[in-house]
Amino acid sequence: MSTGESAMSTGERNPAQDWARDAVIYQIYPRSFADGNGDGSGDLRGVIAHLDHLVRLGVDALWLSPFYPSPKNDAGYDVSDYCDVDPLYGSLADFDELLGRAHGLGLKVIVDLVPNHTSSRHRWFREALAAGPGVSAARSRYHFRPGRGADGELPPNNWSSVFGGPAWTRTDEDGQWYLHLFDPSQPDLNWTDPAVHAEFEEVLCFWLDRGVDGFRVDVAHGLVKAAGLPDQTLAEADPEPASTAQSDATAPFGSPAQSDVSPFFDQEGVHEIYRSWRQVLDDYPGQRILVAEAWVEPLERLFRYVRPGEMDQAFNFTFLMAGHRAPGLHTTIDETYAAAEKVGSAPTWVLSNHDTVRHASRFGLENAPAHQRGIGPDDPQPDRELGRQRAAALALIEFGLPGSAYVFQGDELGLPEHTELQPEQRQDPVFVRSQGTELGRDGARIPLPWSAGEPHLGFGTALATPTWLPQPEGFGEFAVDRQEAEPNSMLHLYRRLLQIRRRRGLGRGSFAWHDLNEPDHGLLAFVVTAGEAKTLVIANLGDGARTIAELPDGRILTSSRPGCLQGRVLAAPAAIWWALD
């Protein structure tokens, strides 16, 4: 698409009542946010104690990763009770207090929902094991099958687990096999069973009755499997990445690129589930939202999850995986708005989350690690300053784009990945299941640094108690109190960006590429118009400074780093917001 010809809108869906359309949503990974009782793990009281941080940052909502009772074989995404709080994190009373305080501060609260699988310690799965083979209500809630081979010694099909190894485990009790697309401690639910539907509608109502504002739905594309659970047909080797925008990482886990037609992801039946959930949420006052975590390609298929009558948002992982180079980002932005417009939905923009290498480290490498690969002490180490500069420039792009934006805790501090974790310190099942070939996601989940001079950098853990994952040497320089004292810190940049974004209506504006746009030469330039405010975003993502010969009349609003624009020369990597009104 040529520059200057790509004016697009994000479509219409009752925008005046749609708070999520341009919301900035902050992801809290509770175990690593703040420790309220000194035991080494973050908890809900730690979140309560730092809600003011989110208010000062300028976000609109917070999303809590799982805090439910769980054996934590997958960091809480193995839920044993969907209607309670794990004692590690506190109590339902703590949750209610958090919700009330957040609402009092003007913050919406979204909770995680894990409907693809339960924990193997969930009451239902224990009942299924006790029921034995054959038709029973208990076993029909999961996928139990006899094995193949003369004695049933082979798995029922050839599906592989996302975490490595086969997607089936044989029971010791009776020799049948059960399906788990993730860890063996996470058996997949059978969504053809009406009892599963009924149970999760009750779960939705339990939290909606308490006042939550929505749900982030884990593995939203995985609930329904192809009839008969057929073998997966492996794709032919393809030298091209799964998306033209994936310029610095291989296809993510769960991507349809791993198979010709996936028999376990992105099946049509998932949409029926979300249409029924939409009706449940719409029976409650105010706007309650559903957010899809769906690793689905191409983007046209992803945006089917946010058609009218289904979900409100879907994470734009294509943008997350697009890297820091202008051509890939340009393609992703074009494709995103085109797909969003077809269904009348607003897009989302995200750079990091708890499942990815932190982008301040990804951007410090010319060849970023594949999804879930992580970065270890024996790997090439990121250029920290280069990564920070690129992360700051990308923040001006993310928050400058109309739509909703997500911030993973620590993004606002420019936190890097912990790249020196030793094997005995790693807890991610990805590391174990892959026998160490995948380092996993622990490096992005390190306890936050709040105060450089306090034990465990102010995380709240008692001095003599280790934090659940160790903080790396030098983490203190990223502490909140250090950045409070530094006007040019990443923290102050994020606060400034979100303040300007709100004031100038960037999240709800109309988007168009500017004539300065030259992605093939490392330069992105677009204009967002919101009422009388016209904001030009220019990002030099190339390898050297660029002279902006035709910089239009206006004034600078902010920049990704001080002094990056000298006259008409924009440094690299760097970005500016320029007022045209």
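Look up: the structure comes first, before these words.
What you see is a predicted model; the values in this text were computed from it and never measured. (Residues numbered from 1 in each chain as written. Predicted model: local features only at pLDDT ≥ 70, side-chain atom pairs only at ≥ 80, totals over all residues. Heavy atoms only, no water.)

Participant: Explain the overall build of the protein chain to me, and be specific about the residues and the numbers.
Facilitator: A count of helices and strands for the protein chain gives 15 helices and 19 strands. Here the protein chain has a C-alpha radius of gyration of 23 Å; the compact-globule value for 581 residues is 25 Å, and the two agree. Taking the principal axes of its C-alpha atoms as reference, the protein chain extends roughly 75 × 55 × 50 Å. For the protein chain, the proportion of contacts with a sequence separation of at least 24, taken over those separated by at least 6, is 70%. About 21,000 Å² of surface is accessible on the protein chain, with carbon and sulfur atoms providing 50% of the total. Treating the 50 positive side-chain charges of the protein chain as one cloud and the 81 negative ones as another, the clouds have centres 3 Å apart. (Helix = DSSP H or I, 4+ residues; strand = E, 2+ residues; numbered from the N terminus. Rg over C-alpha atoms; globule rule 2.2 N^0.38 Å. Contact = heavy atoms within 4.5 Å. Areas by Shrake-Rupley, 256 points an atom, 1.4 Å probe, with all protein chains shown as cover. Lys, Arg positive; Asp, Glu negative; His and termini not counted. Charge placed at Lys NZ, Arg CZ, Asp CG, Glu CD.)

Participant: Go over the sheet that holds strand S10 (residues 348–349) with me, naming the residues and quoting the values.
Facilitator: Whether parallel or antiparallel, the strands of a sheet pair through hydrogen bonds between backbone atoms. The parallel open sheet is built from eight strands, whose spatial order is S9-S8-S7-S3-S2-S1-S11-S10. Unpaired on one side and paired on the other, strand S9 (313–314) and S10 mark the two borders of the sheet. Across four bridges, the pairing between strand S1 (residues 24–28) and strand S2 (residues 61–64) is parallel. Counted as the bridge partner of Tyr26 is Leu62 from S2. Most of the contacts of helix H3 (residues 92–104) go to strand S3 (residues 108–113), to which it runs at about 140°, and overall it touches S2 and S3. (Pairing = 2+ DSSP bridges. Axes fitted to C-alpha atoms, helices over the stretch in contact; angles between N-to-C directions.)

Participant: Outline the state of the cysteines, listing residues and values.
Facilitator: Within the structure shown, the criterion is met by zero disulfides. The thiol sulfur of Cys83 is not disulfide-bonded, and the nearest other cysteine sulfur, from Cys205, lies at 10 Å. Of the residues examined, Cys83 reaches a relative accessible area of 25% and is grouped as partly exposed. (Disulfide = S-S within 2.5 Å. Buried < 20%, exposed > 50% of the residue type's maximum accessible area, 1.4 Å probe, protein only.)

Participant: An account of the side chain of Arg441 is needed here, citing residue identities and associated values.
Facilitator: Along the chain, Arg441 falls in the loop between helix H13 (429–433) and helix H14 (480–484). For Arg441, a relative accessible area of 5% corresponds to the buried category.

Participant: How would you explain the pattern of salt bridges if you had to name every residue and give the values?
Facilitator: Scanning the entire structure with this criterion turns up 37 salt bridges. Among the salt bridges present, the one from Arg210 reaches Asp96, with a minimum N-O distance of 2.7 Å. Taken together, the positions of Arg210 in helix H6 (residues 194–210) and Asp96 in helix H3 put the pair 114 residues apart, joining distant regions of the chain. Under the relative-accessibility criterion, Arg210 is labelled partly exposed at 28%. Accessibility expressed as a relative area gives 31% for Asp96, which makes it partly exposed. Asp411 is the salt-bridge partner of Arg358, the closest N and O atoms lying 3.5 Å from each other. Of the two residues, Arg358 is situated in the loop between S10 and helix H11 (359–362) and Asp411 in the loop between strand S11 (404–408) and H13; the sequence distance between them amounts to 53 residues. (Salt bridge = Lys/Arg side-chain N within 4 Å of Asp/Glu carboxyl O.)

Participant: Which residues make up the packing of aromatic side chains, and what are the values?
Facilitator: Scanning all chains against the criterion turns up 34 aromatic pairs. Consider the rings of Phe67 and Tyr68, whose centres lie 4.7 Å apart with planes at 40°: the pair is tilted. The two residues Phe67 and Tyr68 agree in class, both being buried. Aromatic pair Phe125 and Tyr142: ring centres 5.1 Å apart, planes at 80°, arrangement edge-to-face. Within this pair, whereas Phe125 is found in helix H4 (residues 123–131), its partner Tyr142 is found in the loop between helix H5 (137–140) and strand S4 (144–145), the two being separated by 17 residues in sequence. (Phe/Tyr/Trp six-rings, centres within 6.5 Å; stacked < 30°, edge-to-face > 60°.)

Participant: Which residues make up the environment of Asn157, and what are the values?
Facilitator: Among the secondary structure elements, Asn157 is positioned in the loop between S4 and strand S5 (168–170). Looking at Asn157, the relative accessible area reads 4%, which means it is buried. Placed 73 residues apart in sequence, Asn157 and Pro230 show a C-alpha to C-alpha distance of 6.7 Å. Among all residues touching Asn157, those that are not within four sequence positions of it are Arg148, Trp168, Leu229, Pro230 and Asp231.

Participant: Lay out the environment of Ala464 in plain terms, naming residues and giving numbers.
Facilitator: Its place among the elements puts Ala464 in the loop between H13 and H14. For Ala464, a relative accessible area of 78% puts it in the exposed group. Between the alpha carbons of Ala464 and Gly40 there is a distance of 9.7 Å; along the sequence they are 424 residues apart.

Participant: Could you give an account of the pairing of S2, naming the residues involved and the relevant values?
Facilitator: Neither face of S2 is open: one carries Ala61 and Trp63, the other Leu62 and Leu64, and all of them are buried. Bridge count between S2 and S3: four bridges; the pairing is parallel. Counted as the bridge partner of Ala61 is Lys108 from S3. This β-α-β element, S2 to H3 to S3, shows right-handed connectivity. (Right-handed = clockwise from strand over helix to strand, strands pointing away.)

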